[in-house]
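Chain by chain, the residues:
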Amino acid sequence: MKKSLLLITGLLLLIAIEILKVYFIMPFPGSQKSNTIDIAYFISNNIWWMRIVLIAIIIIPLWHCLSKGKLWRKILLIIVLLFYCFVVYMFNFKFLADKMFYQPKEKLFATGAADTTNKSKLVIGVALNSEAKAYPIEIIGYHHQVRDTVGNTPIMVTYCTVCRTGRVYSPFVNGKPEQFRLVGMDHFNAMFEDATTKSWWRQENGEAITGSLKGTALKEIPSVQMQLGDWIALHPNTMVLQPDKNFIAEYDSLKGYDEGTLKSSLEGRDSGSWKMKSWVVGIQIYNHAKAYDWNDLQKKKIIEDSLAATPLLLTVDSTGRTFYVFNRNVDGNVLHFGLDVSKNNLQDVETNSLWNMAGSCFNGALKGKQLDAIQAYQEFWHSWQSFHPETEKYK
């Protein structure tokens with residue numbers, strides 16, 4: 001009886017650790033709603049000795065059952081062992097994040113003039129040291145991260161489709177270049193593991209959330225999200241990332257993501273306001289965070305506000321796809337804006353100068369001035385709220 005109990009317990013634990021190693025860090029029912037990341041990290045980093053110990057515990061009762069047990073027990077045991085092998089295969093070769101989402105095999109770029117990508121597609125744009133590149137969301141959304149160089153600066157462009165947000169980071173840790181792999185997710189946000197310390201890093205804010213580097217953060221590099229056509233207008237010499245022909249089917253699975261029309265419980269959009277999958281514009285200045293309802297911004301076209309003593313201006317273009325966030329302080333003077341008579345441009349109250357939605361003054365006393373950009377993100381409300389629990393709501 002003791003041998004049978006030991007065998008059953010050992011087999012159940014073997015199956016359980018294989019499942020839990022992946023369950024806690026992938027979007028299975030209920031897996032992303034609890035603070036289980038440290039448990040997942042412990043299992044992941046100790047899985048081999050746990051397997052060895054459990055196999056050592058069951059090896060004698062296993063041999064005893066197979067050699068001396070009744071026929072029906074032998075058949076049942078063989079079925080359980082086959083099931084364990086199936087679990088090992090599925091949870092180590094099929095359900096792991098880096099076995100589902102691969103890095104580009106061919107990283108090709110085209111000039112803005114030669115690029116054939118639909119100009120309404122959303123991109124993450126990066127401009128450094130007189131060089132600009134655009135990364136279509138429907139491409140990096142599948143890969144989750146793309147390593148590249150802009151202006152002789154190494155960068156890691158990341159995107160989490162389940163949080164609907166992109167970030168660009170410097171891939172240096174403690175002054176040394178680091179390699180990262182997609183390891184899973186925590187609270188529905190993508191996580192990366194560094195190759196050196198095996199710490200796990202959150203995509204949304206670049207913070208190491210478990211491992212020896214816990215509490216440290218990657219340096220963020222300024223980026224914007226906008227329509228490709230608008231990015232090309234701002235950066236005519238930009239290069240645009242092209243689809244890797246090895247992943248065309250994977251990219252096709254994200255068609256409609258830009259518009260929020262995917263029929264997916266993870267990546268679909270709530271069209272209402274302040275719901276889990278509602279779109280917001282999130283801004284953090286120092287330790288102050290605020291979220292702005294996307295529906296409200298689209299309706300008003302401009303929003304004036306302040307955060308951490310910084311006067312803000314949020315705008316969205318006539319297509320309702322490209323948004324901008326600016327500091328309204330120009331040469332020490334805080335400007336106030338309204339829409340001009342065409343409703344497509346801005347006009348400041350102080351000088352009656354005309355500005356486009358991209359923050360450039362093209363007519364009036366301030367002609368030639370450019371509003372300073374503020375880093376901001378379009379994001380699902382559940383994501384922004386989860387990782388900025390102190391956030392305010394703009395109303």
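To be clear, the structure that these remarks concern was listed above.
Owing to the predicted nature of the structure, the values given are computational and were not obtained by experimental measurement.

Cut-offs applied
Just so you know, the residues in each chain are numbered from 1, in the order the chain's sequence is written. pLDDT decides what is reported in this predicted model: residues at 70 or higher carry local features, side-chain atom pairs at 80 or more are listed and counted, and totals for whole chains, interfaces and linings draw on all residues regardless. Computation of side-chain values: all heavy atoms of the structure, hydrogens and water removed. Any two of the Phe, Tyr and Trp rings considered here, Trp counted by its six-membered ring, make a pair once their centres fall within 6.5 Å; the pair's planes then place it as stacked at under 30 degrees, edge-to-face at over 60, or tilted in between. A run of DSSP states H or I qualifies as a helix once it reaches four residues; a run of E qualifies as a strand once it reaches two. Both are numbered from the N-terminal end. Under the scheme applied here, a residue whose accessible area is under 20% of the maximum for its type counts as buried, over 50% as exposed, and between as partly exposed, the area being computed with a 1.4 Å probe on protein chains only. By the convention used here, strands pair only if DSSP detects at least 2 bridges between them.

Explain the packing of aromatic side chains here, please?
When we look at a pair of aromatic rings, we describe it by the centre distance and by the angle of the planes. Using the criterion set out here, one finds 21 aromatic pairs in the structure. Aromatic pair Phe-28 and Phe-95: ring centres 5.8 Å apart, planes at 75°, arrangement edge-to-face. You can see Phe-28 sitting in the loop between helix 1 (2–23) and helix 2 (37–68) and its partner Phe-95 sitting in the loop between helix 3 (71–94) and helix 4 (97–100), a full 67 residues away along the chain. Given a relative accessible area of 26%, Phe-28 falls into the partly exposed group. Both rings, one in Phe-180 and one in Trp-201, keep their centres 6.0 Å apart while their planes meet at 85°; by these two values the pair is edge-to-face. Note that Phe-180 is positioned in strand 9 (residues 180–186) and Trp-201 in strand 11 (residues 200–202), a separation of 21 residues in sequence. Residues Phe-180 and Trp-201 agree in their burial class; the two are buried.

When you look at the pairing of strand 9 in this model, what are you seeing that I'm missing?
Side-chain positions along a regular strand alternate between the two faces of the sheet. When you tally the buried positions in strand 9, you get six out of seven residues, the bulk of the element. Relative to strand 10 (residues 189–194), strand 9 runs antiparallel, the two being bridged by six bridges. Bridge pairing in strand 10 links Leu-182 to Phe-192. The antiparallel pairing of strand 9 with strand 10 creates a hairpin that spans two residues between the two strands, and His-187 there sits at a positive phi of about 50°.

Any chance you could explain the sheet that holds strand 23 (residues 346–348) here in plain terms?
Strands belonging to one sheet form pairs held by backbone hydrogen bonds; the direction of such a pair is parallel or antiparallel. Strand order in the open sheet formed by four strands is 22-23-24-25, and the pairing between neighbours is antiparallel. Sheet topology places strand 22 (337–339) and strand 25 (361–363) at the edges, where each strand pairs with a single neighbour.

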